[in-house]
Amino acid sequence: NAGVTQTPKFRVLKTGQSMTLLCAQDMNHEYMYWYRQDPGMGLRLIHYSVGEGTTAKGEVPDGYNVSRLKKQNFLLGLESAAPSQTSVYFCASSPAGRGDRDNEQFFGPGTRLTVL
Amino acid sequence: LAKTTQPISMDSYEGQEVNITCSHNNIATNDYITWYQQFPSQGPRFIIQGYKTKVTNEVASLFIPADRKSSTLSLPRVSLSDTAVYYCLVGDMDNQGGKLIFGQGTELSVKP
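Just so it is clear, the model here is predicted, and its values are computed rather than measured. (Residues numbered from 1 in each chain as written. Chains lettered and ligands numbered in written order. Predicted model: local features only at pLDDT ≥ 70, side-chain atom pairs only at ≥ 80, totals over all residues. Heavy atoms only, no water.)

All names here are of chain A. Taken in spatial order, the four strands of this open sheet run 1-3-8-7, and their pairing is antiparallel. Each edge of the open sheet carries a strand with a single partner, namely strand 1 (4-7) and strand 7 (65-67). Going from strand to strand, the sheet's axes swing by 20° on average, the running direction of each strand aside. Note that strand 1 and strand 3 (residues 19-25) share four bridges and pair antiparallel. From the neighbouring strand, Thr7 faces strand 3, where its bridge partner is Leu22. (Pairing = 2+ DSSP bridges. Helix = DSSP H or I, 4+ residues; strand = E, 2+ residues; numbered from the N terminus. Axes fitted to C-alpha atoms, helices over the stretch in contact; angles between N-to-C directions.)

Interface size is often expressed as the accessible area that is lost when the parts come together. Counting residues at the interface gives 24 residues for chain B and 28 residues for chain A. On the chain B side of the interface with chain A, the three residues burying the most area are Phe46(B), Met93(B) and Asp94(B), jointly 26% of the side's total. The interface formed by chain B and chain A contains zero salt bridges. One can count seven residue pairs in polar contact (both at pLDDT 80 or more) joining chain B with chain A. Counting residues per element, the ones that place at least two in the side of chain B that touches chain A are strand 3 (32-38), strand 4 (45-50) and strand 8 (84-91) of chain B. Broken down by element, the side of chain B that touches chain A gets its largest block of residues, four residues, from strand 3 of chain B. The residue makeup of the side of chain B that touches chain A, split by class, is nine nonpolar, twelve polar and three charged. (Contact = heavy atoms within 4.5 Å. Buried area = accessible area lost by both parts, 1.4 Å probe. Salt bridge = Lys/Arg side-chain N within 4 Å of Asp/Glu carboxyl O. Polar contact = N/O pair within 3.5 Å; in protein donor to acceptor, adjacent residues only side chain to side chain. Nonpolar A, V, L, I, M, F, W, Y, C, P; charged D, E, K, R; others polar.)

Below, the discussion takes up the state of the cysteines. This structure, assessed with the given rule, holds two disulfides over all chains. Shown here is the disulfide that connects Cys23(A) with Cys91(A), its sulfur atoms set 1.8 Å apart. When the S-S torsion is -75°, as for the bridge of Cys23(A) with Cys91(A), the disulfide is left-handed. Here Cys23(A), found in strand 3, pairs with Cys91(A), found in strand 9 (residues 87-94); they are 68 residues apart in sequence, far enough to count as distant. For Cys23(A), a relative accessible area of 0% gives the class buried. Judged by its relative accessible area of 0%, Cys91(A) is buried. Covalently, Cys22(B) is tied to Cys88(B) through a disulfide, its sulfur atoms 2.2 Å apart. Here the S-S torsion is close to -85°, and the disulfide linking Cys22(B) with Cys88(B) is therefore left-handed. On the criterion of sequence distance, the pair formed by Cys22(B) in strand 2 (residues 18-23) and Cys88(B) in strand 8 is long-range, its members being 66 residues apart. The pair formed by Cys22(B) and Cys88(B) is uniform in burial state, with each residue classed as buried. (Disulfide = S-S within 2.5 Å. Buried < 20%, exposed > 50% of the residue type's maximum accessible area, 1.4 Å probe, protein only.)

On to the pattern of salt bridges. Tallied over the full model, the rule gives three salt bridges over all chains. A salt bridge links Arg44(A) to Asp38(A), with the shortest nitrogen-to-oxygen separation between them at 2.5 Å. Residue classification places Arg44(A) among the partly exposed residues on the basis of a relative accessible area of 26%. Between Asp11(B) and Lys111(B) there is a salt bridge, with the nearest N and O atoms lying 3.7 Å from each other. Remark: Lys111(B) occurs in strand 9 (residues 106-111) and Asp11(B) occurs in strand 1 (residues 9-13); sequence separation between them is 100 residues.

It is worth spelling out the environment of Glu14(B) at this point. Residues and elements named next belong to chain B. Along the chain, Glu14 turns up in the loop between strand 1 and strand 2. Classification of Glu14 by relative accessible area gives partly exposed; the value is 40%. Residues Glu14 and Arg77, spaced 63 residues apart in sequence, show a C-alpha to C-alpha distance of 6.8 Å. Those residues within four positions of Glu14 in sequence are excluded, and the remaining contacts are Val78, Ser79, Leu80, Val110, Lys111 and Pro112.

Here is the structure:
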């Protein structure tokens, strides 16, 4: 049981390049999330999904797109990378309706992205 | 979504009990109070969740007064390995369309 995995772990891009970050979970969770974390700051929600084929915007969605074609995968795309998107990106997943652990999310190890 | 306020940083020494208080004045009736822990270079990890009174698990205790406008995370006898950022969240993911908002957190530094 690998939990939540993220690919790649590190990436350096030039301004204007595109890339896709992959998140996979093997826990059959309904909900999946993409966050970004900048130095000295908390996590900010980019996009999330409450089920296969559905996505929704979070706090900071501009410049990113997502897709959830399969329940276990959640892709985050940067169409034209900018230096402001330099950050650590975390993916998370969660089952729905767990009662006393309703707000429990399981996080991946993160992807460190640098845009030059 | 309810806004939370917690100290930006705290210092402690090994073996002490640490209490981190979070204010959430506009908490809604259906909201839970949840705490996460994040070590450097790792994703956050769920610690504890409660609705009212007191909740205790193997890691921490969560104290919630009757008015639920604040909560206190208590870490007994901390060690150096408890140095981390602690996030207080208020809400109910299932009632918020699956959405959960993290604030800036409290950076706890445990010294020998």
